[in-house]
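# A closer look at the structure
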Amino acid sequence: MPVSNKLKAFAAALFIVQAFSVFGVPRGQLQVGFYSQTCPAAESIVRIAVQNAFSNDQQIAARLLRLFFHDCFVEGCDGSILLDNGSDGERSARGNAGLAGFEVIENVKTQLEATCPGLVSCADIVALAARDAVVLSDGPPYEVPTGRRDGRVSSISLAANLPDVDDSIELLKSKFREKGLTDHDLVLLSGGKGDSDPAINSQLLPQLQAKCPSNGDVDVRLPLDWTSEFKFDDQIFRNIKNGFAVIASDARLCDDKNTNKILDSYISFARSSNIGPSFKADFAEAMVRMGNIGVKTGSEGEIRQVCISIN
Ligand code: HEM
Ligand SMILES: *[C@@H]1O[C@H](CO)[C@@H](O)[C@H](O)[C@H]1NC(C)=O
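The protein chain is annotated in an unreviewed UniProt entry as Peroxidase from Dovyalis caffra. Under the UniProt heading Subcellular location (unreviewed entry), the note attached to the protein chain is "Secreted". We quote the UniProt Function (unreviewed entry) comment for the protein chain here in full: "Removal of H(2)O(2), oxidation of toxic reductants, biosynthesis and degradation of lignin, suberization, auxin catabolism, response to environmental stresses such as wounding, pathogen attack and oxidative stress. These functions might be dependent on each isozyme/isoform in each plant tissue."

Dropping the structure here:
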């Protein structure tokens, strides 16, 4: 079968699966294409804005991915991280230091309010922008379930429990589990981040540089390019070997039998090439799972007019 026919067959199969699953969707769940009737341009408006920002500054991709993670881990993926509540607000929490990319989200929101007022949540913009950032960084394309509504609370105390670089592996695992995420998700999502800022890198280096000890396999590193820019790299292996600094919490992944095994499974996959789990596909699934954390739907929350403050 020619590739295009295969694609068509695949698309048809997907369509059937999706058509059936519509009946099975319980209320209060997110849906791929939530805005396809009400605001068909929504996803392309986000994508174009992220592409434009990226062409000015490629670091924006890492910023937007991190923003999504930090949004989801406090009060669920509800755009609470975007609210400005001064020194009492979520953004002032220590764990949120260095977050950036807010202006890209706000710019998208302005465009969406002009195109389809009151319909698209800030929380969904963050989720879509993170996906577009992943794609621009040569990561896997994936569909983002949408329909999140925006939260109305931003408090520094609620952000006190974010995963921290100094956390033990046990604590990291339990912080992810509390959010409904597995050890596998912890490894995958930690592997999906990069540090694009050499200045930050050199500051972090002394305290954070660490090696995976255990089995003496010094090649064990997260499958990601930490050297220059945030990028999903096909040459994972070379980057792993170069052994550039992993942050302390990443090194912790090697401290634990289970997470170490998961790491190894991706790394040996890269080595032998066609057996074992696929990092990209699994990463995309983990992103979707992270995007489900504590979402507000239906009549919960609100659709903000601007992302920086509640209505
Ligand atoms: C497991 C616990 C995690 C800890 C302790 C952690 C901690 C950190 C720290 C300390 C930085 C440097 C921040 C700075 O000073 O600018 C960072 C950067 C980053 N993190 Fe995490 N992180 C974790 C998980 C994640 C996850 C799950 C994601 C996304 C899926 C993520 C995405 C990023 C990205 C993209 C950057 C680079 C941000 C930029 O260049 O602006 N992190 N992380
Ligand atoms: C901002 O912080 C204050 C003080 O903690 C709190 O009373 C208020 O509800 C917060 N505002 C929002 C929007 O969460």
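A separate point is the nonpolar core. The biggest cluster of nonpolar side chains holds 64 residues, and the ones touching the most others in it are L64, F68, L82, I105, L112, M287 and M290. Counting only elements with at least two residues in this core, the list comes to α2 (42-56), α3 (60-72), α4 (102-115), α5 (122-136), α6 (169-178), α7 (183-191), α11 (257-272) and α12 (279-290). The leading source of residues in this core is α5, at nine residues. Of the residues that make up this core, three or more belong to each of domain 1 (21-162) and domain 2 (169-287). The residues touching M290, leaving out its near neighbours within four places in the chain, are F68, F69, C72, F73, C77, L181 and L189.

Let us look at the pattern of salt bridges. Considering all chains together, one arrives at 12 salt bridges under this definition. Salt-bridge contacts for K109 lead to E113; the nearest nitrogen and oxygen are separated by 2.9 Å. Taken together, the residues K109 and E113, both in helix α4 and four residues apart, mark about one turn of the helix. Pair check on accessibility: K109 and E113 agree, each one buried. Across the pair D132 and R131 runs a salt bridge, and its minimum N-O distance is 2.8 Å. A relative accessible area of 6% means that D132 is categorised as buried. With a relative accessible area of 11%, R131 lands in the buried category. If you follow the salt bridges from partner to partner, you end up with E170, K173, R177 and D183 in one network.

What follows covers the packing of α2 against α4. The N-to-C vectors of α2 and α4 enclose an angle of 145°; their axes lie 10 Å apart at closest approach. Note that α2 runs across α4; the crossing there is right-handed. Of the residues in α4, those in contact with A42, I45, V46, A49, V50 and A53 of α2 are V104, N107, V108, Q111, L112 and T115.

With that out of the way, let us pick up the state of the cysteines. Under the counting rule described, the total for this entry stands at three disulfides. Sulfur-sulfur distance for the disulfide between C39 and C116 comes to 1.8 Å. Here C39, found in the loop between β1 (31-32) and α2, pairs with C116, found in the loop between α4 and α5; they are 77 residues apart in sequence, far enough to count as distant. Taking relative accessible area as the criterion, C116 reaches 6% and is therefore assigned buried. Sulfur-sulfur distance for the disulfide between C122 and C307 comes to 2.1 Å. A torsion of -95° about the S-S bond marks the disulfide between C122 and C307 as left-handed. Of this pair, C122 sits in helix α5 while C307 sits in the segment after α12, and the two are 185 residues apart along the sequence. Just as C122 is buried, C307 falls in that class too.

Moving on, we come to the site of ligand 2. In the vicinity of ligand 2, the contacting residues are N85, D88, R152, V153 and S154. S154 is positioned such that a nitrogen or oxygen atom in its backbone is 2.8 Å from an oxygen atom of ligand 2. Summarising the interface, the protein chains cover 49% of the accessible area of ligand 2, which totals 360 Å² for the free molecule. Class assignment of the residues belonging to the shell around ligand 2 gives a composition of one nonpolar, two polar and two charged.

Conventions and cut-offs
- Residues numbered from 1 in each chain as written.
- Chains lettered and ligands numbered in written order.
- Predicted model: local features only at pLDDT ≥ 70, side-chain atom pairs only at ≥ 80, totals over all residues.
- Heavy atoms only, no water.
- UniProt positions renumbered as here; feature names shortened; annotations may be inferred.
- Core = buried A, V, L, I, M, F, W, Y, C linked by side-chain atoms within 4.5 Å.
- Buried < 20%, exposed > 50% of the residue type's maximum accessible area, 1.4 Å probe, protein only.
- Helix = DSSP H or I, 4+ residues; strand = E, 2+ residues; numbered from the N terminus.
- Domains from an automatic or database assignment.
- Contact = heavy atoms within 4.5 Å.
- Salt bridge = Lys/Arg side-chain N within 4 Å of Asp/Glu carboxyl O.
- Axes fitted to C-alpha atoms, helices over the stretch in contact; angles between N-to-C directions.
- Left-handed = near helix turned anticlockwise from the far one by under 90°.
- Disulfide = S-S within 2.5 Å.
- Near = heavy atom within 4 Å.
- Polar contact = N/O pair within 3.5 Å; in protein donor to acceptor, adjacent residues only side chain to side chain.
- Areas by Shrake-Rupley, 256 points an atom, 1.4 Å probe, with all protein chains shown as cover.
- Nonpolar A, V, L, I, M, F, W, Y, C, P; charged D, E, K, R; others polar.

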